[in-house]
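Here's the letter readout for the chains.
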Amino acid sequence: LPLMEEAGSDKSMEEKTPGVTSRSLLSFEASEVDDESVSRRVLSITDLTRLLNEQVRTLEETQESLQNSYPGRQPAKLISVAEAGICVLCCHSMAVCSAYFSSLQYIEEMLENQLVAAIGKRVTSDDLGQFIKYHNANILDPAPRPFCHAIRRPEHYPEGILSIENSDEKTEPIETHVREVQGLPALRVPLNAATTIELTGSTYLHGWLNHRFRDASTAFQLIGRARQFSSFMLVVGTMGGGNRMQPKDAIILQNKDEIKIPLLLNEIPTAKEFKDAIESLSPEQQRFAKAYRSMQLEGSVLGIVVIQIKPQLENLLGLPHDALTKEIQLTQDLMELFVEYQVPSDLLSYDGENSEATTKEKVENVKGNVQSVLNAIKDSKTKQLESQVIATDMAIEKRIHDKPKNFKAADEMARALEMASALDWLRDGSAGLPADEDDDLKSVGIASFSPISAEVSQGKGVDDALNFLKSTHAENLVNIDNDRPVQLGSCMMEKTSAKQSKLRDDASPEKSEETPVPPKGKAAVPFGSTSEDTMDFTAIPKFLDKAIEKYDKDSALRSTTIKTSDRWSRCHQESLLSKPETTVLNSNDIKSEKDKAFDLLDALSRSGSLPIAYSDLHVIVCVTHCFEKMVMETVIEDNINPIEKLEMSTLLVASTIHGVPAQNLVADSNDRARLVSSFPALLEAPQSPAT
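Predicted model only: the values in this text are computed from it and were never measured. (Residues numbered from 1 in each chain as written. Predicted model: local features only at pLDDT ≥ 70, side-chain atom pairs only at ≥ 80, totals over all residues. Heavy atoms only, no water.)

Summing up its helical and strand segments, the protein chain has 22 helices and 16 strands in all. By the burial criterion, 40% of the 691 residues in the protein chain qualify as buried. Partitioning the intrachain contacts of the protein chain with sequence separation of at least 6 by distance along the chain shows that 75% fall at a separation of at least 24. Total accessible area on the protein chain is roughly 38600 Å²; 52% of this is exposed by carbon and sulfur atoms. (Helix = DSSP H or I, 4+ residues; strand = E, 2+ residues; numbered from the N terminus. Buried < 20%, exposed > 50% of the residue type's maximum accessible area, 1.4 Å probe, protein only. Contact = heavy atoms within 4.5 Å. Areas by Shrake-Rupley, 256 points an atom, 1.4 Å probe, with all protein chains shown as cover.)

Between helix H5 (residues 125–139) and helix H20 (residues 642–658), the least distance of the axes is 11 Å, while the angle of their chain directions is 55 degrees. If you check the angle between H5 and H20, you find them oblique. With respect to the hand of their crossing, H5 and H20 are arranged in right-handed fashion. Of the residues in H20, those in contact with Leu-128, Phe-131, Ile-132, His-135, Asn-136 and Ile-139 of H5 are Pro-642, Ile-643, Leu-646, Glu-647 and Thr-650. Across the contact of H5 with H20, the residue classes tally to seven nonpolar, three polar and one charged. (Axes fitted to C-alpha atoms, helices over the stretch in contact; angles between N-to-C directions. Parallel < 35°, antiparallel > 145°, perpendicular 65-115°, else oblique. Left-handed = near helix turned anticlockwise from the far one by under 90°. Nonpolar A, V, L, I, M, F, W, Y, C, P; charged D, E, K, R; others polar.)

Here we come to the layout of surface pockets. If you roll a probe as big as a water molecule over the atoms, it shows you where there is empty space left. Roughly 840 Å³ of volume is contained in the second largest pocket. Around the second largest pocket, the lining comprises 34 residues; the ones closest to its centre are Gly-129, Asn-166, Asn-210, His-211 and Phe-220. Within the residue set of the lining of the second largest pocket, elements represented by two or more residues are H5, strand S4 (175–181), strand S7 (202–212), strand S11 (258–267) and H20. Tallying contributions element by element places H5 first for the lining of the second largest pocket, with eight residues. Among the residues making up the lining of the second largest pocket, the classes are represented as 13 nonpolar, 12 polar and nine charged. (1 Å grid on protein atoms, 1.4 Å probe; cavity = no way out; pocket = protein on both sides within 12 Å on 5 of 7 lines; lining within 4 Å. Points joined across faces, edges and corners; volume = space filled by probe spheres on them.)

By the element assignment, Asp-599 lies in helix H18 (residues 587–604). Along the primary structure Asp-599 and Tyr-341 are separated by 258 residues, whereas in three dimensions their C-alpha atoms are 9.8 Å apart.

Of all 11 residues that make up strand S10 (residues 244–254), nine are buried, and the element is covered over most of its length. Examined bridge by bridge, strand S9 (residues 231–240) and S10 share 10 bridges and lie antiparallel to one another. By the bridge assignment, Met-233 is partnered in S10 with Ile-252. Counted along the chain from S9 to the antiparallel partner S10, the turn is three residues long, and its residue Gly-242 has a positive phi close to 70 degrees. (Pairing = 2+ DSSP bridges.)

The contact between helix H6 (residues 271–278) and helix H7 (residues 283–298) brings their axes to 10 Å, and the two run at 155 degrees. Relative to H7, the element H6 is oriented roughly antiparallel. Of the two elements, H6 crosses H7, and the hand of that crossing is right-handed. Contacts between H6 and H7 involve Ala-271, Phe-274 and Ile-278 on the former and, on the latter, Gln-286, Ala-289, Lys-290 and Arg-293. Here the residues of the contact of H6 with H7 are counted per class, giving four nonpolar, one polar and two charged.

Judged by nonpolar contacts, the single largest core of 75 residues is most densely connected at Leu-205, Leu-334, Leu-348, Leu-600, Leu-601 and Leu-682. Leave out the neighbours within four places in its chain, and Leu-600 touches Met-233, Ile-252, Ile-309, Met-335, Phe-338 and Val-339. In this structure, Ile-174, Trp-208, Phe-220 and Val-306 belong to the second largest nonpolar core, which totals 26 residues. (Core = buried A, V, L, I, M, F, W, Y, C linked by side-chain atoms within 4.5 Å.)

This next bit is on the confidence of the model for the protein chain. Of all residues in the protein chain, 73% have pLDDT values of 70 or greater, and the mean over the chain is 79. Within the protein chain, no element has a lower average pLDDT than helix H16 (residues 490–502), which sits at 42, and none a higher one than strand S12 (residues 302–308), at 96. Residue range residues 1–14 is modelled with pLDDT below 50. Its contacts to residues more than four positions away, or to other chains, number 30 contacts. For the stretch residues 473–532, pLDDT sits under 50, and the model shows 99 contacts to residues farther than four places along the chain or on other chains. (pLDDT = per-residue confidence, 0-100.)

In this section: unusual backbone geometry. Omega for the peptide link from Asp-141 to Pro-142 comes to 5 degrees, which places this bond in the cis form. Position of Pro-142 relative to the elements: it lies in the loop between H5 and strand S1 (145–146). Even without being a glycine, Glu-155 presents a positive backbone phi close to 60 degrees. Locating Glu-155 in the fold gives a position in the loop between strand S2 (148–151) and strand S3 (160–166). Of the residues examined, Glu-155 reaches a relative accessible area of 83% and is grouped as exposed. One non-glycine residue, Gln-342, lies in positive phi territory at about 55 degrees. Note on placement: Gln-342 falls in the loop between helix H9 (328–339) and helix H10 (359–402). For Gln-342, a relative accessible area of 32% puts it in the partly exposed group.

Now the structure itself:
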């Protein structure tokens, strides 16, 4: 077999080297010539034949020795010469396989050492990713850009940053092929069955080519960061037909909030693998599998919407442009009223009759409306607290008068119970009462209770005073029901309500636990109603899947779905003087944040009747190039250049996203000629662009 040398060079060893005898198997002589073509030693076909004949000869000798050592085939014998011969052949086959693998391993290690010596290091998947970024920036026009976008209005300071980054120690944003899609109708996002909002902002289409090797386990996360005194809303969902998006998660970010949402990448089998898998199924089963795969491809398009809150508040309240830019407290109050109390925007918007009023006058008018609503809420809270205080006092009196025989002195015992509650409240606060609260305690007679006040005045502390109360009145406390805790009296309730009312202005809208009832608005737009200019983003994965099936003969490119995890990480700073704290949001917390964001969206859009102009839609289509081995194993063992494979994948994705033939994306003519020789089917044939 011509494994190492061409057939024309078949000469015997004796003819080449006269000193070789007939008993010599192989012979190599040291050459004094420096020419590589002469000094190179290659096994000829005659040499291979000699080696194979020697193997046959040794096996025959072993077979003859076995016939002398073992009996022939006899039914009464368990082991004969036949079984011994099989054992010898099996052992010989194992030795040949071991030698074969050892030889291959030696050659691969030698090639790897040469490659490492030439490059200077062992190349990992991270190193290859860095090279691909550099390489794409040089050969492609337009080149991929990092997915890191500033959230801003024109000629304004950014409100925050949106990015998709890896979770490694070197957190770097991913790079995508991006194209701004213009001339599209408003994006429809259903909040509930009755309300569908419309977003008329910018739309960006992203193509993300992710590559994965066997040793790679990179995780990615969607990150949103808000700056101080800034706010925006983040909505994540799946794109649907008819320029619609089905929202899955939403959150409000403000005042240096940072949210990290892990992304889950799920690879879909390639078209070739899918066809091979359903080939033996029945026609009904094939139709079911095809329909489900079509749904998978349509659902693999991720949509991310960023909505700026301040400009939409200005539009909602009838204020001029940039009217709320420096109104920090007013913006916070408006968001609190919309999210926590669900106040209708008609009660807060500008209602002046002067159409020529200045911006300052309109803002003052809105401030007055906001203050009126806040005062009404405060009065309502006060009335509720007063009614609760009265009910509490009546409950205490009722408990005392219902069981007078259990007390030696009903009045003294009532004061003792009230003092016990006050001391418990004091101990939980870990601090003494201020002067004004101490006066209020004296006004209700707690300080006049001589045994307790004596203990406190002697400095024995709250715990000692409480123990003294329990020990001196143990006989009166024996028959008291312990099925419910002792409640505070009127003084403590009033001071608690005062503290709560003082904290109203500093309360975050995230503290609301009530599930809001969405207000009724206009009916949702039917799913099938589309415009002539509507771009069906769900058709892009299908078009890309057909292109991959046509040009990717290795079946290494897989369409990938992107979903959000149910455990988020949020860094929140309660106030300017406090330190940022990182908390983990579970599924219930995420749903609560989504409800708050939807309440604010319902208010900002006036239940869907007011379009939202300051918004950005990012549509992401992801495919993954999968390598079965590590980088060095792919190059050495499979003899595959991963750079060339990723070049073809990059051209496929970029051509689909930008809607132009692949050859028009190559900037340099030399690179174009090289790529045409490597991928003639892709670059020479015109490819139908995705519209």
